[in-house]
Amino acid sequence: MRVRVTGRNARFQQWEALLRNRTKRQRRGEFLVQGVRPIAMAIEHGWQVRELLYAADVQLSGWAREALDTVRAERYAVSGELMCELGGKSDTVPELLAVVALPEDDLCRIPAGPTMLTVVFDRPTSPGNIGTLIRSADAFGASGVIVTGHAADVYDPKAVRASTGSLFALPVVRAPSHQAVLSWVADVRADGVGIAIVGADEQGALDAAEYDFTQPTLTLIGNETTGLSVGWRAACDQLVRVPMSGAASSLNAAAAATVVLYESARQRRAAAQPPT
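Residues numbered from 1 in each chain as written. Predicted model: local features only at pLDDT ≥ 70, side-chain atom pairs only at ≥ 80, totals over all residues. Heavy atoms only, no water.

A. Representation of helix α3 (residues 36-44). Buried residues of α3: P38, I39, M41 and A42, and no others. The arc enclosing the buried residues of α3, seen along the axis, measures out at 160°, which places them on a common side. At its buried positions, α3 is contacted by β2 (30-33), α4 (62-70) and β5 (96-101). Note on α3: the residue one or two positions beyond its end, G46, has a positive phi of about 75°. (Buried < 20%, exposed > 50% of the residue type's maximum accessible area, 1.4 Å probe, protein only. Helix = DSSP H or I, 4+ residues; strand = E, 2+ residues; numbered from the N terminus. Arc of directions from axis to C-beta. Contact = heavy atoms within 4.5 Å.)

B. Spatial organisation of the layout of surface pockets. Looking at the second largest pocket, its volume works out to about 230 Å³. Grouping the amino acids of the lining of the second largest pocket by side-chain chemistry returns six nonpolar, four polar and three charged. (1 Å grid on protein atoms, 1.4 Å probe; cavity = no way out; pocket = protein on both sides within 12 Å on 5 of 7 lines; lining within 4 Å. Points joined across faces, edges and corners; volume = space filled by probe spheres on them. Nonpolar A, V, L, I, M, F, W, Y, C, P; charged D, E, K, R; others polar.)

C. Region of interest: the side chain of D156. As for its position among the elements, D156 is in the loop between β7 (144-148) and α7 (157-162). There is no salt bridge for the buried D156, and the closest opposite charge comes from R25, which lies 4.2 Å off by N-O distance. A distance of 2.8 Å separates a polar atom in the side chain of D156 from the backbone nitrogen of K158. Ignoring sequence-local partners within four residues, the contact set of D156 consists of R25 and P127. (Lys, Arg positive; Asp, Glu negative; His and termini not counted. Salt bridge = Lys/Arg side-chain N within 4 Å of Asp/Glu carboxyl O. Polar contact = N/O pair within 3.5 Å; in protein donor to acceptor, adjacent residues only side chain to side chain.)

D. A look at the packing of aromatic side chains. Within this structure, the stated rule accounts for seven aromatic pairs. Aromatic pair W15 and Y76: ring centres 5.1 Å apart, planes at 75°, arrangement edge-to-face. Placement of W15 in helix α1 (residues 10-20) and of Y76 in strand β4 (residues 74-78) is noted, with a sequence separation of 61 residues between them. Owing to a relative accessible area of 1%, W15 belongs among the buried residues under this scheme. (Phe/Tyr/Trp six-rings, centres within 6.5 Å; stacked < 30°, edge-to-face > 60°.)

E. Quick peek at the nonpolar core. With 52 residues, the main nonpolar core has F31, V145, L167 and F168 as its most contacted residues. In contact with F168, other than residues within four places in its own chain, are F31, V33, P38, M41, A42, H45, W47 and V160. Within the second largest apolar cluster, 20 residues are counted, among which are V120, V173, W184 and V188. (Core = buried A, V, L, I, M, F, W, Y, C linked by side-chain atoms within 4.5 Å.)

F. Looking closely at the environment of R233. By the secondary structure assignment, R233 is in helix α9 (residues 230-235). With sequence-adjacent residues up to four places away left out, R233 is seen in contact with D201, L228 and L239.

G. Region of interest: the packing of α1 against helix α5 (residues 80-87). Remark: α1 packs on α5, axes separated minimally by 10 Å, with the N-to-C direction vectors making an angle of 20°. Relative to α5, the element α1 is oriented roughly parallel. Where α1 approaches α5, its residues F12, W15, E16 and L19 are matched on the opposing element by L82, E85 and L86. Of the residues in the contact of α1 with α5, the class split is five nonpolar, no polar and two charged. (Axes fitted to C-alpha atoms, helices over the stretch in contact; angles between N-to-C directions. Parallel < 35°, antiparallel > 145°, perpendicular 65-115°, else oblique.)

H. Broad picture of the sheet that holds β2. One open sheet holds the five strands; their spatial order is β1-β4-β3-β5-β2, and the pairing between them is mixed. In this open sheet, the two edge strands, each paired with only one partner strand, are β1 (2-5) and β2. Strand after strand, the sheet turns through a mean of 20° between neighbouring axes, direction not considered. Contacts from α1 reach β1, β2, β3 (49-55), β4 and β5, with the element oriented near 90° to β2. Running over the sheet, α4 touches β1, β3, β4 and β5 and is turned about 40° from β5. (Pairing = 2+ DSSP bridges.)

What follows is the structure, encoded as structure tokens:
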């Protein structure tokens, strides 16, 4: 079914609320996805697309027409002005927007095994940092991302955009506290996976390059201002640091995560290469 929306009616207000209101997203169990790559990734990775909004008065690309023809979802023809508002761009009419169902926040979605590399972001306040960390985790082969505590929303439009679609490519799970994650870690260890908990901290005893990231690892990244919580610090098997030589006193949390993830990937690639 295709419905035309040209005014700020109740349906438009629901879409707008998904962009601006975290409580409404959670209550409805869905979020609005902007951008060609994020929408394409959501479709490619089998996320439940509930609604597709398309620009009613522009010539659609082949990609947009194919999505409308193949994705099982309600379709809405929306005026260009309203699509601009929902797309977050005043000068460009987006061809397509998608309303996508939220996945369950179940830690069992994250694969556990001898090669697991899972990243925990503790109480992040910036949606952009969440999205950037997810993008780096995807790029460097992480098996999942966990966001803990009182944090910015993983499904905030800024986080979704910053992930450039990687949010849809690997499991990202929200957990209320470190205790919930540690209970999951205990279950993973009980199943025979010797997962180590490593925190990134400027006061760490080892440089990241000195730690063995080839083993199953839960890598912790702390809040942008206060770092790791007391509970997470107590749970760490090791704290590692990113060595710096310039005038900067610290790295952005997502940047620090990217450095540690790169080092993890470098070590794992080296370990996988046959001896010469």
